[in-house]
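Residues per chain, in single letters:
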Amino acid sequence: MQNDFFSTDEFSARQKSGLQQAINHAFNNSPFYRRVFEQAGLEPADIKNPADFSRVPFTTKNDLREAYPYGMAAVPLDKILRIHASSGTTGKPIVAGYTRSDLDTWAIGVARICEMAGVSAKDIAQISFGYGLFTGGFGLHYGLEQLGATVVPFSSGNTERQLTLMQDFKTNVLVSTPSFAIYMAETARELGYNPREFGLRIGLFGGEPCSDALRKDIEAQWGLKATVNYGLTEVVGPGISGECLETAGMHILEDLYYPEVIDPDTGELLPDGEKGELVLTPMFKEGFPVLRYRTGDITRLIPEKCACGRTTRRMDYITGRSDDMIIIKGVNIFPSQVEEVLAGFKEVSPHYRLVLKKEKGFIKDLEIQIELTEEGFTDSYKELEALDGRIRQRLRSTLSLAPKVKLMEPKSLERTTGKAKRIVED
Ligand code: ADP
Ligand code: ZN
């Protein structure tokens, strides 16, 4: 859509007025932000340009938790048409409320993301994201409808029936988490089907990281083009950024969301290209506005222009969320680092988990449970031990730490129909 091709001047003008509008609305209508501005000794008139915007204090996950349930509202509740809440992967849920205009803009944004990924009004899209408080299901649903695609609102779970309907309905677009896409392919094979014969054309994957190895695996299993998109409840839901068919980073809908990347320790703004924590400001939101929300997601803004010709900046794939960072013996570890190492071994599957052994609140030990593939599974103790040794060595050099490794039988780790749970406590 045309907004993705705006000139730099057009973007600057949009962002300038968009940020001003967001600030004025929050200051005038949200008791929470009125307080934030007063405590910072700021007035909306002090922020004349995006360059001044960094004077606005950050909003954190904790702020939103404390505002439970309606403390972030900036309109009377009768103007709120829908409520969502974060799926609570980590901690207490966070509530978001949407006005009619919020829902409309959100749907248009998601439609743009789907279109970028190559989906059109001719497609039949099965939504295997959960429908409910989670923003994934409804978010993609209204976006795809907006685009004119045929929507099959299956929701998550009930894998066998999903597969049957997928064939009967001639679904050619799949919306799910990457881990569910792999699980569905596994189930299809167990039932004697060849997933490549289903006719899936495009995958719209989101909600959790998708490593290169996982993406390749999904593409090979289903014979589809996998695209990744990103979003979070606190800012709106899915549809903040997504891949075009170049699949080289996710274009941010910059006319709707103002992105910044900061040093997570100092809060300092980082230039494009440098890795840090993503901070987002939705510029259109009436219901529960947020300014400078610290997403906890680690990424960078890609300075180069995309080959597709869109002028919106891209963000790189998320390498971790700060809530998922494990600190053990002073070393910081993200599950994505483990995943990268495992991708180098054909004997192991994309299913793994990090088991934390805690003592007095501290992580004392880390065990990485790794599932073998059917091909990698062997009765030979010697071979398994050799594999175990090679994996441990690679983990040690990547993580600067020597975790325990436990090789598991194929299909022994719990599967998920939503977001994979990579970290568990023992
Ligand atoms: P929860 O915080 O309970 O998981 P959400 O459903 O709002 O609730 O999830 C948003 C989070 O999911 C993001 O902050 C991010 O960490 C993760 N996420 C969403 N899309 C992606 C993606 N494409 N790549 C990596 N992580 C993602
Ligand atoms: Zn592009």
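Residues numbered from 1 in each chain as written. Chains lettered and ligands numbered in written order. Predicted model: local features only at pLDDT ≥ 70, side-chain atom pairs only at ≥ 80, totals over all residues. Heavy atoms only, no water.

**Student:** Describe the coordination of the zinc ion (ligand 2), naming the residues involved and giving the relevant values.
**Tutor:** Around the zinc ion (ligand 2), the protein contributes the donor atoms Cys244 (SG), His251 (NE2), Cys306 (SG) and Cys308 (SG), at 2.1 to 2.3 Å from the metal centre. Coordination at the zinc ion (ligand 2) comes from 4 donor atoms whose angles at the metal span 103 to 115°, giving a geometry best classed as tetrahedral. Counting along the primary sequence, the residues that act as donors to the zinc ion (ligand 2) give the motif C-x6-H-x54-C-x1-C. Summarising the burial analysis for this pair, Cys244 and His251 share the class buried. (Donors = N, O, S within 2.8 Å, 3.2 Å for Na, K, Ca; no water. Tetrahedral: all angles 85-135°; square planar, octahedral: opposite > 155°, others 65-115°. Buried < 20%, exposed > 50% of the residue type's maximum accessible area, 1.4 Å probe, protein only.)

**Student:** Describe helix α5 (residues 135–147), naming the residues involved and giving the relevant values.
**Tutor:** In a regular helix each residue adds 1.5 Å, so 13 residues correspond to 18 Å; α5 covers 18 Å between its end C-alpha atoms and thus fits that length. Those residues of α5 that fall on the buried side of the exposure criterion are Thr135, Gly136, Gly137, Gly139, Leu140, His141, Gly143, Leu144 and Leu147. Note on α5: the residue one or two positions beyond its end, Gly148, has a positive phi of about 100°. (Helix = DSSP H or I, 4+ residues; strand = E, 2+ residues; numbered from the N terminus. Expected span 1.5 Å × (residues − 1).)

**Student:** Quick rundown of the sheet that holds strand β3 (residues 124–127)? Include the residues and the values.
**Tutor:** Pairing in this open sheet of 9 strands is mixed, and the strands run β4-β3-β5-β6-β7-β8-β9-β14-β13 from one edge to the other. Sheet topology places β4 (150–152) and β13 (301–302) at the edges, where each strand pairs with a single neighbour. Sheet contacts for helix α4 (residues 100–116): β6 (202–205), β7 (225–232), β8 (237–243) and β9 (250–252); angle to β8, the most-contacted strand, approximately 30°. The sheet contacts of helix α8 (residues 212–222) involve β6, β7 and β8, and relative to β7 the element is tilted by about 130°. (Pairing = 2+ DSSP bridges. Contact = heavy atoms within 4.5 Å. Axes fitted to C-alpha atoms, helices over the stretch in contact; angles between N-to-C directions.)

**Student:** Tell me about the nonpolar core, and please be specific about residues and values.
**Tutor:** Counting residues in hydrophobic clusters, the biggest one holds 87 residues, and the most contacted among them are Leu140, Leu144, Leu204, Trp222, Tyr230 and Tyr257. The greatest single-element share of this core, amounting to 7 residues, is contributed by α4. Every residue in contact with Leu140, bar those within four places of it in the chain, is listed here: Val110, Cys114, Ile127, Phe129, Val175, Leu204 and Pro238. Ile328, Val348, Tyr352 and Ile370 belong to the second-largest nonpolar core, a separate cluster that totals 25 residues. (Core = buried A, V, L, I, M, F, W, Y, C linked by side-chain atoms within 4.5 Å.)

**Student:** Let's hear about the sheet that holds strand β12 (residues 293–299): which residues, and what values?
**Tutor:** Taken in spatial order, the 4 strands make up an open sheet running β10-β11-β12-β15, and their pairing is antiparallel. The open sheet has two edge strands, β10 (257–262) and β15 (320–321), and neither has a second partner. Pairing of β10 with strand β11 (residues 276–282) involves 6 bridges; the strand directions are antiparallel. Within β11, the residue paired with Glu260 across the bridge is Val279.

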